[in-house]
Amino acid sequence: GVVTTGTFPQRAGRCMAAMEVESASASTSTSCGEVEIDGAQLEGGGQIMRLSLGLSLLTRRPVRIHSIRKSRPKPGLARQHLSGAMLLADMGGAEISHAEVGSTELTLNPTPSGRGGGGQPRTLVADPGTAGAITLLLQAALPLALAFPLETLVLRGGTNVNFSPSIDYALLAHAPLLERFGVPAHLAVVARRFNSQHGEQGEVQVSVTPPTPTSMVEEGGGGGSSDGAVPSQAAIRRLTPLVLDDPGAPGESNVQILCQHQRQRQRQRRRRRHRYRHHLPA
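Since the model is a prediction, treat every value here as computed from it, not as a measurement.

(A) Molecular detail of the overall build of the protein chain. When its secondary structure is counted, the protein chain shows eight helices and nine strands. Expressed as a percentage of its 282 residues, the buried residues of the protein chain come to 41%. Within the protein chain, residue pairs in contact and separated by at least 24 positions form 70% of the contacts whose partners lie at least 6 positions apart. Accessible area of the protein chain: about 15,400 Å², with a carbon and sulfur share of 53%.

(B) Representation of the pairing of strand E7 (residues 152–157) within the structure. Sheet analysis places strand E6 (residues 123–126) next to E7, joined by four bridges and oriented parallel. Paired with Val125 across the strands is Val154, a residue of E7. Handedness of the crossover is the feature at issue here: the chain leaves E6, passes through helix H4 (residues 134–147), returns alongside E7, and the resulting connection is right-handed. Relative to strand E9 (residues 202–208), E7 runs antiparallel, the two sharing five bridges. Bridge pairing in E9 links Leu155 to Val204.

(C) The arrangement of the side chain of Gln80 in detail. Position of Gln80 relative to the elements: it lies in helix H3 (residues 79–92). Classification of Gln80 as buried rests on a relative accessible area of 8%. Setting aside residues up to four positions removed in sequence, Gln80 forms contacts with Arg50, Pro128, Gly132, Ala133, Leu136 and Leu137.

(D) Layout of H4. Helix length check: H4 (14 residues) gives 20 Å between terminal C-alpha atoms against 20 Å at 1.5 Å per residue, within 8%. Of all the bends in H4, the greatest, near 35°, is centred on Ala141, and the proline Pro143 appears no more than four residues after it. With respect to burial, H4 is a largely interior element, twelve of its 14 residues being buried. Among the residues of H4, those classed as buried are Ile134, Thr135, Leu136, Leu137, Leu138, Ala140, Ala141, Leu142, Leu144, Ala145, Leu146 and Ala147.

(E) Up close: the environment of Pro176. Tracing the chain through its elements places Pro176 in helix H5 (residues 167–180). A sequence separation of ten residues divides Pro176 from His186, and the C-alpha atoms of the two residues are 9.6 Å apart.

Each value, and the rule that gives it
- Residues numbered from 1 in each chain as written.
- Predicted model: local features only at pLDDT ≥ 70, side-chain atom pairs only at ≥ 80, totals over all residues.
- Heavy atoms only, no water.
- Helix = DSSP H or I, 4+ residues; strand = E, 2+ residues; numbered from the N terminus.
- Buried < 20%, exposed > 50% of the residue type's maximum accessible area, 1.4 Å probe, protein only.
- Contact = heavy atoms within 4.5 Å.
- Areas by Shrake-Rupley, 256 points an atom, 1.4 Å probe, with all protein chains shown as cover.
- Pairing = 2+ DSSP bridges.
- Right-handed = clockwise from strand over helix to strand, strands pointing away.
- Expected span 1.5 Å × (residues − 1).
- Bend = angle between axes of the 7 residues up to and from the residue.

Everything listed is a geometric property; what it means functionally is a separate question.
Next comes the structure, spelled out in structure tokens:
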């Protein structure tokens, strides 16, 4: 039946424990049932959808999300959200329905075989055809890249987009933090695109080096399949803990300022006009 009590992380945690007890291979056959998510909760944006799909694939539980972006000026899936959903389904091996622009509902059903591509390393491309934020695709894909290793993720769209983390934040803050957890993520910016810029898509290539599945099973006591077909729960437990109890002393800060050439010229013209008006006689 449909499970609607508690939060998704709480329900997913209970299902993870049940899966470990029932089967050392983390079988997708569980009694936990389908999870139903109200996509209009809290700020009601695309992040609820991305997190729900990722947790569904990691726990191998089907999920139905309704009322996606219900309160937005343009409700439902935009191209960037749709591209991210299709990427996750391909990475984790799942059947997805209602996946179309404008849809306010998605259903994801992880397949018993585990990750897509038969478990072989692959290169996957996500291209919404717009300047949608690459970093939001990255946020959704990184947990799955740890559980289902790929050769490369090629993410296209906007690298510096309003109301989204910039790719520079991912390079200078997010990736170094992941490395401190023991998850080296290499990001290569092939091309940049600002949200107001027309022309070629921005592109970022991503590769993640996760802990080896064999060592995780040996040290984790059977938390997952040794062939990497399904996520190993031991992988999550073996991430290096990061204790933030001492802020430390302030260090040197390197600031990088990026600006489109056209927008920079517009700002310069506005500053010149302001100076001229200021000096003109009344």
